[in-house]
Amino acid sequence: MELCEQSAFVLHQMLVSKEISCREILLSLLNRIHSRDLNAYITLFEEEALKEAERVDQQIKRGEDLSPWTGIPLAVKDNICIQGKPTTCGSKILTSFQPPYDASVISKLKEKDCLFIGKTNMDEFAMGSSNENSHYHPVRNPWDPTRVPGGSSGGSVAAVASGQAIWALGSDTGGSIRQPASFCGVVGLKPTYGRVSRYGLVAFASSLDQIGPIARTVQDCALLLEAIAGYDSLDSTSLDRPVPLYSTNLKREMQGMKMGIPREFFGEGLDSKVEERIRFAIHQLEEAGVEPLEISLPHTEYAIATYYLIATAEASSNLARYDGVRYGYRTKSFRDLYEMQSKTRQEGFGDEVKRRIMLGTYALSAGYYEAYYGRAQKARTLIRRDFDQAFEKVDFILTPTAPTQAFKIGEKIEDPLQMYLSDIYTVSPSLAGVPALSLPLDIPKDGLPIGLQFIGKTLEEEKLLQIAFACEEMKILDNSISS
Amino acid sequence: MEIITEEEVRHVARLARLALSEEEVKKFQRQLEKILEYVAKLRELNLEGVEPTTHVIPVVNRLREDRGKESLSKEEALSNAPNTEKGHFRVPKVIE
Amino acid sequence: MDFEVMIGVEVHAQLLTKTKIFCGCSTNFGRNPNTQVCPICLGMPGVLPVLNQEAVELAIRAALALHCKILRRERFARKGYFYPDLPKGYQISQYEEPFAAEGILSFERNGNCKTIRIKRMNLEEDAGKLIHEEDRGSLVDFNRCGVPLLEIATEPDLTSPKDTHTFLAELRQILQYLEVSSGDMEKGHLRCEPNISLKKPGQSEWGTRTELKNLNSLKGVEKGLLFEIRRQKRLLESGQPIRQETLLWDEKREIALPMRVKEEAGDYRYFPEPDLVPLVIDEEWIERVKRSLPELPDDRKKRFVETYKIREQDAQTLTLTRRLADYFEEVVKIHSDFTLAANWIITEVLGILHEKNLSIGDLSVTPARLAGLFHLIQDETISKKMAKEIFVKMVESGKQADEIVRVQGGQIRDEAEVERIIEEVLKGNSEEKVRYQSGEVKLMGYFIGQVMKRTDGKANPRMVNEILRKMLEGNPQKSGVQKK
Ligand SMILES: [Zn+2]
C-alpha cells in the first residue's frame, strides 16, 4: 500500500517509529495528485508543505513528542479561511481574496502541527450537490470520471477517496459532506450544530452550516473531529460542552442497541440497488444484536421545501457583502455605484448562486416573509420535534445517505429542482441540528459506492462514531480506495 | 396564474443587485416558478401555535467583555480592495 | 393660516463603550482612516459577531431612565440594504423584538410639563463614513463602523420645533448623566432624525409625513424643523401635495433638499440574525444595573414624599427634570420648611420661568438665594405676599432678597407704630366704628383693608388683627398690648 493510501492513525505510528518521514508521505500524495487529474484542488501549497514537512522531520529527528495530527497532510475545503492563502469558495467573486485571519478550526489544527496540503474544489459558496457549480470547473468522481463526486465538498471527498489527501475538512449545510462521502465511498461526519466553530467558514446558511471531518476510516474521522470540536468564544453559536476523546473511545457493545428505520426514507425515489444494500446492512446489524424498530419522521416530505427556503434566505443575506468594495472581484466598467455593484455580482456569481440569491431575496422581501421564510421556520420546528420523539425510542437512526449512486456529470444540471430533491435524506438532520455520519458500504459490482447514514441525538457524535467503528470491524463497510 | 412574474424577477434582481440579462430573467422566472410551486406544499401544514426555529441550540447570552483586541493594520485592511486611495476604499459616485 | 404641528423623533446615540458592539476594535475617534478595523467590522467572509456586554448594560440604563419596558428575551435582526458604508450588506439591529418599549420622558418648558412617549429603543451597529468627492465618487472609512448605537424612537407627541429642542436637550442630559453617551451632536455621537406632519385646525386627518436628516446640532434641529414646517405650510396652502420623503438639511445654506433614492429602497428584508443567540435580560440583571444607577426620577419622587412630607403630586412635578429636583433639594438643604419650598418652586418659580420663557438652568436666583428669601418669610421680616414681589425683583435685578428688603423696607412690626396707624384709621371712620360696636362684626375686614392701604401692605397682619380687635371691643387702654 502506498503511503498516500494509509490512514492517519497508521502514518502517525510510522512517523513515531521513524519508519518513514513526513516528506515521504507528502511526496506520495503529491505524486498521486499530479498523476491523476480529478480537479480536486483549487490551490496546492506544494512548496510550503514541503518546508513544513522538513520542519516536522527535524522535530522527529530531535525525538520530540508528536501529536496524532503532527505532519499528517490535510486538505481543506476552499470555504475555510487560512491566513494569507487564497480562499475562493469556488467563486469568481472571491478571485485573489486572501483572508488576514485563520478560521478557528485552522488555528486549532495549527496548534497541533497539522500540515495543510491545499484548498479543495467545491460548488460555488457550497451551493450544489454535484460540484458542477464551481468557477474552477467540476471535480470528477474517482470511481468513474464521467460521474459527479457529489457536492458541495466534492473536492475534499474526491481527494480523500483517491489518495490525494489523507483526510480533509468539509462543510455541510444540507448534506455537503455526507452526500459526496456516499458518492465517493468515504467516511464523512456532519457534527451537531454548534459542536465545531464556524468562525472563518465562509457562510452559506448560518443556522445550518457546520464544518466536519472526511476520512477513509472511522478512527481517522474521530481523530479529526477531536481536533476541531469545542467551544469558541468567536462563535456565539458554538456549544460550550467538553469534547470527548472520540478516537480512543471507539469500542462499544452493540448488543441491545435500538436503531430506528424511518419509513419515510424508504419510499418513492429510492434507487432499488441502494435500498438493497441498505437493507442488507440493517440485516447485518441485526445479526450483531442491534434491534431494528420501524419509526416515523412524519414531516420528512416537507424537509426539502423548508430547507431551501431557510438556506436561500440566509444565503441571500450572507452573500450581500460581495459588492466589489472591500475585496474580491470588481467589474471593469461602470457609470455609478449601483451599476458597479450589480455588474460585479452579475459577473462574479455563477448561475446556481444567483438562483439561490434570487429565491432567498424573494422569500424575505416585503409581503412574502410570512408566506415563505416564516412558514419554513415553523415547519423546521415540526421537523425537529419528529427527531426528538424518535430519539425517545431509539439510540440512533439508520437511513440511506442519498437516494442514488453518483450520477453523470451534466445529468441534472438543467433541472435545479431535481438536483435539490436529491438532498432528501440529508437535509432533515441538518434542519434538526443533530449529528449525522455517512459510512461507505461494500462497493457493488458496478463499482459505484453507496453510503449509509447514521443520525444521532444532539451531541452524540461519540455514539455515532462507535456504531460506525463497529460496522467497520464487522466489515459491513468498505474502506477501499480508488487508485 | 403565475406565482412570480418576470417583472417581479426584475424587481428582486434589483433588490439583490444582480444585473441579470433578459435571457436570465426569463430563465429564472421559469425556474423560480417551479421551485415556488414545489415549496407551496408547506401550506398543507397546520402551523398554528408553532414557534419558529431560529436556532437549534438552547444557548442564550453569549457576550464578550468590553475589552480591546488588536485591529488590522491599514495595509492589511486595504490589501484585498480593488481600489484604494489615501488609506480609504474608493467607490464610484453613488447616483448617476 | 395656523397649522397644528406633529413631530416625532428618531435619535441615534453612540454608546460609551471602549470597543465596538460586535468586535474588539476601539471606538476612539479621530484616528487615521481604516486603522480601527478588523475582519469582523469590515464584514470579511466567514467572520462572526459577538455582542459586547457593556453595550447591553448601557442600553439597560437608558431604558430604565426612560421608564421603558425591557424585553426579557430578545433577538437581533438583519436589516438588508446595499450601501458602500455598510460592509456586510446588512445592519445588525433589532426589529420584531425591540430592546425596550413604551417609555416616557417628561420635561418642563416655560413652566409647562410635557410628557413624550418613547415608542421603542433598539441596539444596533453604526455604519462607516463616506467622504463624497465631487464627480470622483466617494472614499470609505470604516473606523466608525460597528460602534454601538442606541436608537430611540418617540411617538409624534412633540408640537413645535422649540419643544423638540427642549426634548432633545433633556434626553441628551439624561444620557450624559447616566454616562450612556457623550451626546455630542457636533461630532455625530447623537443624531436626530425628526418626522413632521401638519394639519389645518379643525381637520381630522394629518398631512403626509416627511423626515429630516443631517441635523448636527440642537439649533440645527430647530432651524431644520422651522424650514420644513414653512415648506409644508406653503404646499398645503397652495393645495399642492406633500410627498412622503426624506429631506437632507444643508446647514450652510439653511435649506432641506429631498434625498434621491432607488425605487426598491425601504424593502429591508429583515430576518432574525442567525449568528447571534437570543439575549435574555432577567430581573436580577436589571436590578444590578438599577443599583449602579444614579437615582432615577421615579425613585426620587417617592423619596421626596417620604423625606420631605410633601404631596405626591408636588413631588411628581418637582422630579420631572433632574435639574428642577436638584434645585429643590439644594433649597431645602438650607431652609427646612419643605412645604413652603415645594409650593414656592411649583407656583412662583415655574410661573416666572413660564412667563419669561426660561429654563431652570437659566435662573439667576440660586437655591441659596431662594432659601434666603424663605428665611425672611419665616422670621416675619416680610409677608408671603411681599415675598412674591421681592422674588420677581430678584429675578429681574439679580439682587439678593435682603438687599431688596433693605431698600424698600420690610414689615411694620413695631406695635406702637401699628397702634398709631389704627388709631388714625378709627378716627377717620368713627361711623363704622359705632356700627361695629353695635354688632356689625363683618366690618373687621374693612378696617384691616384700610390699615393695609395706609401701610402699603407692610403691616404685620397678625398684629393688625389683634390690636384692632382690642381697640374696637371695649378695651381702648394701650397698656395691655404694649407691655406684652
Ligand atoms: Zn473590528
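## Points about the overall build of chain C
- From N to C terminus, chain C includes 16 helices and 17 strands.
- Relative to a compact globule of 484 residues, whose C-alpha radius of gyration would be 23 Å, chain C shows 31 Å and is clearly more extended.
- The proportion of buried residues among the 484 residues of chain C is 54%.
- Within chain C, contacts between residues separated by at least 24 positions form 69% of all contacts whose residues are at least 6 apart in sequence.
- For chain C, the exposed area adds up to about 22,100 Å²; of that, 47% sits on carbon and sulfur atoms.
- Charge separation in chain C, taken as the distance between the mean sites of 74 positive and 76 negative side-chain charges, equals 3 Å.

## Here's the deal with helix 4 (residues 104–111) of chain A
- Within the sequence span of helix 4 of chain A, burial applies to A:Ser104, A:Val105, A:Ile106, A:Lys108 and A:Leu109.
- Two residues or fewer after helix 4 of chain A comes A:Asp113, characterised by a positive phi angle close to 60°.

## Topic: the pairing of strand 7 (residues 258–262) of chain A
All names here are of chain A.
- Counting buried positions along strand 7 yields four of five residues, so the element is predominantly enclosed.
- Here strand 7 runs beside strand 8 (residues 291–295); their pairing, made up of five bridges, is parallel. Residue Pro262 lies in a different strand from strand 8, and its bridge partner there is Ile295.
- The parallel pair strand 7 and strand 8 is bridged by helix 8 (residues 272–287), and the resulting crossover is right-handed.

## Quick word on the environment of A:Thr312
Residue and element names in this part refer to chain A.
- Topologically, Thr312 is positioned in helix 9 (residues 303–318).
- Judged by its relative accessible area of 0%, Thr312 is buried.
- On a C-alpha basis, the gap between Thr312 and Lys85 in space is 28 Å, while along the polypeptide they are 227 residues apart.
- Excluding residues that lie within four positions of it along the chain, Thr312 makes contacts with Tyr307, Arg356, Leu359 and Gly360.

## Some points on the confidence of the model for chain C
- The predicted model of chain C averages 87 in pLDDT, with 95% of residues at 70 or higher.
- Model confidence for the complex: the whole-complex pTM is 0.85, and ipTM, which rates the interface, is 0.96.

## Some details on the coordination of the zinc ion
- Distances from the zinc ion to its protein donors, C:Cys23 (SG), C:Cys25 (SG), C:Cys38 (SG) and C:Cys41 (SG), fall within 2.3 to 2.4 Å.
- Each of the four donor atoms around the zinc ion contributes to a set of angles spanning 100 to 116°, which defines the coordination as tetrahedral.

Here is what the cut-offs are and how they apply
- Residues numbered from 1 in each chain as written.
- Chains lettered and ligands numbered in written order.
- Predicted model: local features only at pLDDT ≥ 70, side-chain atom pairs only at ≥ 80, totals over all residues.
- Heavy atoms only, no water.
- Helix = DSSP H or I, 4+ residues; strand = E, 2+ residues; numbered from the N terminus.
- Rg over C-alpha atoms; globule rule 2.2 N^0.38 Å.
- Buried < 20%, exposed > 50% of the residue type's maximum accessible area, 1.4 Å probe, protein only.
- Contact = heavy atoms within 4.5 Å.
- Areas by Shrake-Rupley, 256 points an atom, 1.4 Å probe, with all protein chains shown as cover.
- Lys, Arg positive; Asp, Glu negative; His and termini not counted.
- Charge placed at Lys NZ, Arg CZ, Asp CG, Glu CD.
- Pairing = 2+ DSSP bridges.
- Right-handed = clockwise from strand over helix to strand, strands pointing away.
- pLDDT = per-residue confidence, 0-100.
- Donors = N, O, S within 2.8 Å, 3.2 Å for Na, K, Ca; no water.
- Tetrahedral: all angles 85-135°; square planar, octahedral: opposite > 155°, others 65-115°.

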